Amino acid sequence: MAIYTSGVIFAGVDTADKDCWKLESYIKRGGYSALDKILNSGMTQEQIIAELKSSGLRGRGGAGFPTGLKWSFMPRALDGQKYIVCNSDEGEPGTFKDKDILEFNPHSLIEGMIIAGFTIGASVGYNYIHGEIFEVYERFEEALAEAKKAGYLGKNILNKNFDFDLFAHHGYGAYICGEETALLESLEGKKGQPRFKPPFPASFGLYGKPTTINNTESLAAVPFIINDGGQAFQDKGIINSGGTKLFSVSGHVNRPGNYEVPLGMPFAKLLELAGGMRDGKKIKAVIPGGSSAPVLPGDVMMQCDMDYDSIAKAGSMLGSGAVIIMNEDVCMVKALERLAYFYHEESCGQCTPCREGTGWLYEIIHRIEHGEGRLGDLELLDNIGNQMAGRTICALADAAVFPVRSFTKHFRHEFEYHIEHKKCLVNHKWC
Amino acid sequence: MLSQDSLKQIDKELTKYPPEQNRSAIMAALRIAQVEHGWLSNELIKYVANYLNIPPVQALEVATFYSMYNIEPVGKYKLVVCTNLPCALSGGVNAANYLKNKLGINFGETTSDGKYTLKEGECMGVCGDAPVIIVNNHSLCSHMSIEAIEKKLMELQ
């Protein structure tokens, strides 16, 4: 898998080296020097949060919430147990960056979590790892054992009177557990059904204790920010989109893979890094931020930069940085049908608009795709979407509706053609 | 119902969580039990719940909620193919169709010799390596071209 890096999380990581994930390699790359810096220089929690804020780091799981601000919400001075939880439950179709961090550079995450624990006053952390990547979970367990043996985890870390324990929790197949409160429920050994917010995890999180939940990529960027300073991270990107970001590029390109690039890079450049379009085909559509992000026509995307504002201005979201690229042979009805099926499968069933609505969306798109579409079906899809979005406990319903709205908006003629002619406008080929 | 080795693994999982939070270990405990038995019968789910000292219904709801638990018997090899959009754009659907034809079964079915069960998977988080097949939940196989599938099936006897 290609990993192009511009020097933050994957700086110096040779993914072809089978030992690149080990503690010894990490230390050779300067690993654990950020932890050493905060414990030995007497950096305070407030100073670390200030550094995070100046870095411009925004949550890399999809929501893009400023990480420094999130950390500042924790009642640090409050007595009693607090937790730091990492969300490595990466299941948003198109996203596969956190897996590479865990596989090739797990200690960057471990170090980031220790620093997070120190900053928010948590003595215990959990990393919730996506079910389907069991071998990566096992590797992370090995990395934890290395860190513990070397004295980076456990009691009295680096003889600085600071205790921190970190554990891995393995999921077992539920997209919804990527939603932070569903993840907490799952960590407590329950069905992964999201909690009503408020209260937010910072006041009522894991086992009812104050908890901060961050994405893997966000936490793995923390050592760089501490070592080189928040400004150095910010400077890698642009205003309001500080730093570098991992983009998982999939679909019809020559070199699918992860690309760690400065935020603000033109999409055309990212496409070029990924080897351009496979078989020289024309680009038809791009989902720029994981399957929940609205799709954009290829020509619109070619004018965009890969940062939060540029993508938002074009009508979509940077989300998790999963860039799904489709060529001219893709039938957009068929593509949407598959995504709609996914959300229907993965709805946790807790809220009626989502449980029922995702089923209806799929049924209707399925019948359009199979030549049984009816006049009025597009209006019906709109109507159902309006009854789902914003009317449920979590954002899964919205995530199911965004693709439907955007596919039927940008490629409406294909849907209409399907309904009218009972067949596909394009000679569809998946690949 | 579980070997000493499995119980030892569960005990290790229990140490990750606060003493009063045994329930947190249920996901791992069910996984370990499934590895030993191949699937989770109601008796096994109850046994695991009792071992963790939690009500059996709490174990059952976890076993039925998460897709990787087998709540009915499966073949010797459970093959899960991702056909979600990013994978479909890089051969996921082709791989699934090839397996259906080759094995003569549809998704959710098991070959008559009890060797293979075929399932349709949702996003496994490895879209860049499509087509992707997971064998028995824990072995993820990437870049599964037709040749790679043939080779894998030869190994899985």
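Source: prediction; values computed, not measured.

1. Some words on the overall build of chain B
Secondary structure assignment for chain B yields 7 helices and 5 strands. Across chain B, helices and strands are ordered from the amino to the carboxyl terminus as α-α-α-α-β-α-α-β-β-β-β-α. For chain B, the spread of C-alpha atoms along the three principal axes comes to 50 × 35 × 25 Å. Counting only residues that meet the buried cut, chain B has 56% of its 157 residues in that class. Sequence-distant contacts, at least 24 apart, represent 60% of the contacts inside chain B between residues at least 6 apart. Counting only carbon and sulfur atoms, one obtains 51% of the accessible surface of chain B, whose full area is about 6,700 Å². A distance of 3 Å separates the average location of the 14 positive side-chain charges in chain B from that of its 16 negative side-chain charges.

2. Observations regarding the packing of aromatic side chains
Applying the stated criterion across every chain, the model contains 19 aromatic pairs over all chains. Pairing A:Phe65 with A:Phe73 gives two aromatic rings, centres 6.0 Å apart and planes at 45°, and the pair type is tilted. When the ring of A:Tyr126 is compared with that of B:Tyr17, the centres are 5.6 Å apart and the planes differ by 10°; the resulting orientation is stacked. Here B:Tyr17 lies in the loop between α1 (4-14) and α2 (26-37) and A:Tyr126 lies in strand β3 (residues 124-129), a pairing that spans two chains.

3. Focus: the pairing of strand β5 (residues 211-215) of chain A
Residue and element names in this part refer to chain A. The buried fraction of β5 amounts to 5 of the 5 residues, a majority that puts the element mostly inside the structure. Of the two faces of β5, the one carrying Thr-211, Ile-213 and Asn-215 and the one carrying Thr-212 and Asn-214 are both buried. When strand β2 (residues 83-88) meets β5, the two strands line up parallel, connected through 5 bridges. Bridge assignment links Asn-87 to a residue of β5, and that residue is Asn-215.

4. Focus on empty space enclosed by the protein
All names here are of chain A. Scanning the model with the defined rule gives 4 cavities of 30 Å³ or more in all. Counted as a void, the largest cavity has a volume near 80 Å³. Along the walls of the largest cavity sit Ile-176, Pro-194, Ser-347, Cys-348, Gly-349, Gln-350, Cys-351, Cys-354, Thr-392, Ile-393, Cys-394 and Leu-396, which together make up its complete lining.

5. Re the nonpolar core
The biggest cluster of nonpolar side chains holds 87 residues, and the ones touching the most others in it are A:Ile287, A:Met326, A:Phe407, B:Leu30 and B:Tyr66. No other element matches the 8 residues that helix α15 (residues 332-346) of chain A contributes to this core. Setting aside anything within four residues of it in sequence, one finds B:Tyr66 in contact with A:Tyr128, A:Tyr172, A:Gly173, A:Ala174, A:Cys177, A:Ser186, A:Lys190, A:Lys191, A:Gly192 and B:Met27. If you look at the next biggest cluster of nonpolar residues, it comprises 70 residues, including A:Ala34, A:Leu35, A:Phe118 and A:Ala202.

6. Topic: the sheet that holds strand β5 (residues 139-141) of chain B
Backbone-to-backbone hydrogen bonds pair the strands of a sheet. The strands run either parallel or antiparallel. Residue and element names in this part refer to chain B. Pairing is mixed in the open sheet, where 5 strands are placed in the order β2-β3-β1-β4-β5. Of all the strands in the sheet, just β2 (109-110) and β5 have a single pairing partner and so form its edges. Judged from the 3 bridges that link them, strand β4 (residues 133-135) and β5 form a sheet pairing that is antiparallel. Looking at the pairing, Ile-133 lines up with Cys-141 of β5. Its contacts with the sheet put helix α6 (residues 92-103) on β1 (77-82), β3 (116-121) and β4, and the angle it makes with β1 is roughly 145°.

7. Quick word on the side chain of A:Ser108
Residues and elements named next belong to chain A. Secondary-structure assignment places Ser-108 in helix α6 (residues 106-120). Residue class for Ser-108 comes out buried when judged on its relative accessible area of 3%. For Ser-108, the side chain forms a polar contact with the main-chain oxygen of Asn-105, separated by 2.7 Å.

8. A few points about the environment of A:Glu217
Residue and element names in this part refer to chain A. Its location among the elements puts Glu-217 in helix α9 (residues 216-220). Put simply, Glu-217 and Gly-373 are 156 residues apart on the chain and 42 Å apart in space, counted from C-alpha to C-alpha. Among all residues touching Glu-217, those that are not within four sequence positions of it are Ile-9, Arg-60, Lys-97, Asp-98, Ile-101, Thr-244, Lys-245 and Leu-246.

9. Let's talk about the sheet that holds strand β4 (residues 165-170) of chain A
All names here are of chain A. Strands sit in the order β4-β3-β2-β5 across an open sheet of 4 strands; the sheet is parallel. The open sheet terminates on both sides in strands that have one partner only, identified here as β4 and β5. Direction aside, neighbouring strands of the sheet carry axes that sit 20° apart on average. Lying over the sheet, α6 contacts β2, β3, β4 and β5, oriented at roughly 150° with respect to β2.

10. Quick word on the packing of helix α16 (residues 352-369) of chain A against helix α18 (residues 396-410) of chain A
Residues and elements named next belong to chain A. For the pair α16 and α18, interaxial distance at closest approach is 10 Å and the crossing angle is 20°. Between α16 and α18, the angle is such that the two are roughly parallel. The way α16 lies across α18 gives a crossing that is left-handed. Residues Cys-354, Thr-358, Leu-361 and Ile-365 of α16 form the contact with α18, whose participating residues are Leu-396, Ala-397, Ala-400, Val-401 and Val-404. Across the contact of α16 with α18, the residue classes tally to 8 nonpolar, 1 polar and no charged.

11. Focus on the pattern of salt bridges
Counted by the stated rule, this structure contains 33 salt bridges over all chains. Within the structure, one salt-bridge network assembled from shared partners comprises A:Arg60, A:Lys97, A:Asp98, A:Glu217 and A:Lys245.

12. Remarks on the confidence of the model for chain B
For chain B, per-residue confidence averages 97 on the pLDDT scale, and 100% of positions sit at 70 or higher. In the model output, the complex is listed with pTM 0.97 alongside ipTM 0.97.

13. Observations concerning the interface of chain B and chain A
Counting residues at the interface gives 44 residues for chain B, matched by 59 residues for chain A. A combined buried area of about 4,100 Å² lies between chain B and chain A, and 58% of that area is made up of carbon and sulfur atoms. The interface formed by chain B and chain A includes 3 salt bridges. Its salt-bridge partner being A:Glu141, residue B:Lys16 comes within 2.8 Å of it at the nearest N-O pair. Where chain B meets chain A, there are 24 residue pairs in polar contact (both at pLDDT 80 or more). At the level of secondary structure, the elements contributing two or more residues to the side of chain B that touches chain A comprise α2, α4 (56-65), α5 (85-88), α6, β3 and β5 of chain B. In terms of residues, the side of chain B that touches chain A owes the most to one element, α2(B), which gives 4 residues. Split into classes, the residues belonging to the side of chain B that touches chain A amount to 20 nonpolar, 16 polar and 8 charged.

Calculation criteria
- Residues numbered from 1 in each chain as written.
- Chains lettered and ligands numbered in written order.
- Predicted model: local features only at pLDDT ≥ 70, side-chain atom pairs only at ≥ 80, totals over all residues.
- Heavy atoms only, no water.
- Helix = DSSP H or I, 4+ residues; strand = E, 2+ residues; numbered from the N terminus.
- Buried < 20%, exposed > 50% of the residue type's maximum accessible area, 1.4 Å probe, protein only.
- Contact = heavy atoms within 4.5 Å.
- Areas by Shrake-Rupley, 256 points an atom, 1.4 Å probe, with all protein chains shown as cover.
- Lys, Arg positive; Asp, Glu negative; His and termini not counted.
- Charge placed at Lys NZ, Arg CZ, Asp CG, Glu CD.
- Phe/Tyr/Trp six-rings, centres within 6.5 Å; stacked < 30°, edge-to-face > 60°.
- Pairing = 2+ DSSP bridges.
- 1 Å grid on protein atoms, 1.4 Å probe; cavity = no way out; pocket = protein on both sides within 12 Å on 5 of 7 lines; lining within 4 Å.
- Points joined across faces, edges and corners; volume = space filled by probe spheres on them.
- Core = buried A, V, L, I, M, F, W, Y, C linked by side-chain atoms within 4.5 Å.
- Axes fitted to C-alpha atoms, helices over the stretch in contact; angles between N-to-C directions.
- Polar contact = N/O pair within 3.5 Å; in protein donor to acceptor, adjacent residues only side chain to side chain.
- Parallel < 35°, antiparallel > 145°, perpendicular 65-115°, else oblique.
- Left-handed = near helix turned anticlockwise from the far one by under 90°.
- Nonpolar A, V, L, I, M, F, W, Y, C, P; charged D, E, K, R; others polar.
- Salt bridge = Lys/Arg side-chain N within 4 Å of Asp/Glu carboxyl O.
- pLDDT = per-residue confidence, 0-100.
- Buried area = accessible area lost by both parts, 1.4 Å probe.

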